[in-house]
Amino acid sequence: MRWRYAYTALTLCTLAFFATMVARLAISPVVPLITADFGVTNGTIGLALSGMWAAYALAQFPSGVLGDRVGERTVILIAVGATAAASLLLAASPSVVAFFAFAVVLGAGAGLHYSVATTFLTKQFDDIGRAIGFHVAGGPLAGLIAPPVAALVGARYGWRAALLAGAVVAVPGFLLVAWRIRPTPAARPDQPVRDRFELGPLVELLSRPSIAYTTALATMGAFSWQATASFLYTFLLVAGDLDPGTAGLLFSLYFVVHGLTQPLTGSLSDRLDRDAAAMVTMSAGLLGYGGLVIATEVGAGVPALAGATALVGLAMSWGAPVQSRFMDHLGAAERGAGFGLVRTVY
């Protein structure tokens, strides 16, 4: 198969997304070390992490507007560069107040990438479901690698060294994007930015039945993803009565299946139907989450928990078909800001 520029774009956008996720996911494993160093509670650092994720969500819509104004490549470079800078600042935080501020900067900077990169990739591929699936897979890959690496580095060299992981990945990502991604034209270079934030057009877009329905699906999917990423390990450890090593292996299994099935469900949505592919993932969720509860209640053991965990991983690959559904119902001229808007909402 002949290598095309589109594959280069897809590879580097996925690497950039991976870098932005590594920087954020490297924090949680070293929270105990951070709290001990600053002499604060888990709740204080938890508040900083909430600020980071809130900034990440709120940055989605402005990133789409910015991409229309200056071009997607520029925004991707800003996102990856900001991720690297914020990771360095977090590692050098002199106080918990500075840590909070830099965590918010990290969330906002990382949040500039995904919506714009997805819009960019839809211009490179006809089978957008598969492309989005590969791009989304950068997140689970980061979830598989970043936490254990950060924990090991933190245990040996301290939390500041662990938080440098984001910069270690983001800097080469920035250089590769700058080198290999061609300049992209701005979709709306002359339109005043303030016009894009007028309430009327935003309400009109969100109130379209196709967009409202897809946003509802994505909201429920995002809720489930966040809950799973946050609490599945603890659930396996406590409710499953597993040792930390076994719980960690099953949690890794979740990320492996989650990452591998994203391109598959995206391709399925291209070949068959977006809703049919989304239904496959959500049906797997019914079986997977239900299986986890039943297996822990009856003490079914590790094989049953592994099977249920794999189904949960498949369930969380809803992103490829559902996000492709957004693109199907957004006009080419409104995909940048429009996709960013729905991303912020859900």
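Shown above is the structure to which this text applies.
Because the structure is predicted, anything quoted here is derived from the model rather than measured. (Residues numbered from 1 in each chain as written. Predicted model: local features only at pLDDT ≥ 70, side-chain atom pairs only at ≥ 80, totals over all residues. Heavy atoms only, no water.)

1. A short note on the pattern of salt bridges
1) Next: All chains considered together, the criterion is met by 8 salt bridges.
2) Next: Of the charged contacts, one joins R196 and D68 as a salt bridge, the two residues approaching to 3.1 Å between their closest N and O atoms. A residue pair is termed long-range when its members are at least 10 positions apart, and R196 in the loop between helix 11 (165-180) and helix 12 (199-207) and D68 in helix 4 (residues 60-70) qualify at 128 residues.
3) Next: We classify R196 as buried; its relative accessible area is 11%.
4) Next: Within the structure, one salt-bridge network assembled from shared partners comprises E204, R208 and E334. (Salt bridge = Lys/Arg side-chain N within 4 Å of Asp/Glu carboxyl O. Helix = DSSP H or I, 4+ residues; strand = E, 2+ residues; numbered from the N terminus. Buried < 20%, exposed > 50% of the residue type's maximum accessible area, 1.4 Å probe, protein only.)

2. Notes on empty space enclosed by the protein
1) Next: Within this structure, the stated rule accounts for 1 cavity of 30 Å³ or more.
2) Next: Together, V65, D68, R69, R188, Q191, V193 and R196 line the largest cavity.
3) Next: In the lining of the largest cavity, the residues fall into 2 nonpolar, 1 polar and 4 charged. (1 Å grid on protein atoms, 1.4 Å probe; cavity = no way out; pocket = protein on both sides within 12 Å on 5 of 7 lines; lining within 4 Å. Points joined across faces, edges and corners; volume = space filled by probe spheres on them. Nonpolar A, V, L, I, M, F, W, Y, C, P; charged D, E, K, R; others polar.)

3. A look at unusual backbone geometry
1) Next: Non-glycine residue D241 carries a positive phi angle of around 55°.
2) Next: Structurally, D241 can be placed in the loop between helix 13 (209-238) and helix 14 (244-271).
3) Next: For D241, a relative accessible area of 67% translates into the label exposed.

4. Points about helix 11
1) Next: With 16 residues, helix 11 extends 23 Å between its outermost C-alpha atoms, agreeing within 8% with the 22 Å of an ideal straight helix rising 1.5 Å per residue.
2) Next: Taken residue by residue, helix 11 has G166, A167, V169, A170, G173 and V177 as its buried positions. When helix 11 is viewed along its axis, its buried side chains cluster within an angular range of 160° and face the same direction. Facing away from the buried side of helix 11, by more than 90 degrees, are the exposed residues V168, L175 and W179.
3) Next: The elements touched by buried residues of helix 11 are helix 1 (5-25), helix 5 (72-91) and helix 10 (159-163). (Expected span 1.5 Å × (residues − 1). Arc of directions from axis to C-beta. Contact = heavy atoms within 4.5 Å.)

5. Brief notes about the nonpolar core
1) Next: Ranked by internal contacts, the top residues of the largest apolar core, which has 77 residues, are I76, F120, L236, Y254, W318 and F326.
2) Next: Examining the composition of this core, we find that 14 residues originate from one element, helix 1, more than from any other.
3) Next: Every residue in contact with Y254, bar those within four places of it in the chain, is listed here: W225, T228, L232, T309, V312, G313 and M316.
4) Next: Of all hydrophobic cores here, the second largest spans 21 residues; its members include I27, I45, A103 and L163. (Core = buried A, V, L, I, M, F, W, Y, C linked by side-chain atoms within 4.5 Å.)

6. Quick look at a nonpolar patch on the surface
1) Next: Taken together, the side chains of L88, L164 and V168 present a nonpolar region at the surface, about 260 Å² in accessible area.
2) Next: The residue V168 is located in helix 11 in this model. (Patch = residues over 30% accessible without salt bridge, like charges linked within 9 Å, V, L, I, M, F, W, Y side chains within 5 Å. Areas by Shrake-Rupley, 256 points an atom, 1.4 Å probe, with all protein chains shown as cover.)

7. Examining helix 2 (residues 31-38)
1) Next: Within helix 2, burial applies to V31, I34, T35 and F38. One side of helix 2 carries all its buried residues, which in axial view fall inside an arc of 95°. Pointing more than 90 degrees away from the buried face of helix 2 are the exposed residues P32 and A36.
2) Next: Where the residues of helix 2 are buried, they touch helix 3 (42-58), helix 6 (96-110) and helix 10.
3) Next: Where helix 2 terminates, the next one or two residues include G39, which has phi positive at roughly 70°.

8. Side note on the side chain of R335
1) Next: Inspection of the secondary structure puts R335 in helix 18 (residues 335-345).
2) Next: Salt bridges are absent for the buried R335, whose nearest opposite-charge side chain, D328, sits at 5.3 Å.
3) Next: Setting aside residues up to four positions removed in sequence, R335 forms contacts with T119, T122, M327, L330 and G340. (Lys, Arg positive; Asp, Glu negative; His and termini not counted.)

9. A word on the packing of aromatic side chains
1) Next: As enumerated under the stated definition, the model contains 15 aromatic pairs in all.
2) Next: With centroids separated by 6.5 Å and ring planes inclined at 40°, the aromatic side chains of Y114 and F339 adopt a geometry described as tilted. Of this pair, Y114 sits in helix 7 (residues 113-122) while F339 sits in helix 18, and the two are 225 residues apart along the sequence. Residues Y114 and F339 agree in their burial class; the two are buried.
3) Next: Taken together, F17, Y114, W318, F326, F339 and Y346 form an aromatic cluster joined through their ring pairs.
4) Next: Its guanidinium or amino end placed over the ring of Y7, R4 lies 4.8 Å from that ring's centre, counting from NZ or CZ.
5) Next: Of note, R182 hangs over the ring of Y5, and the distance from its end group to the ring centre comes to 3.8 Å. (Phe/Tyr/Trp six-rings, centres within 6.5 Å; stacked < 30°, edge-to-face > 60°. Lys NZ or Arg CZ within 6 Å of the ring centre and 35° of its normal.)

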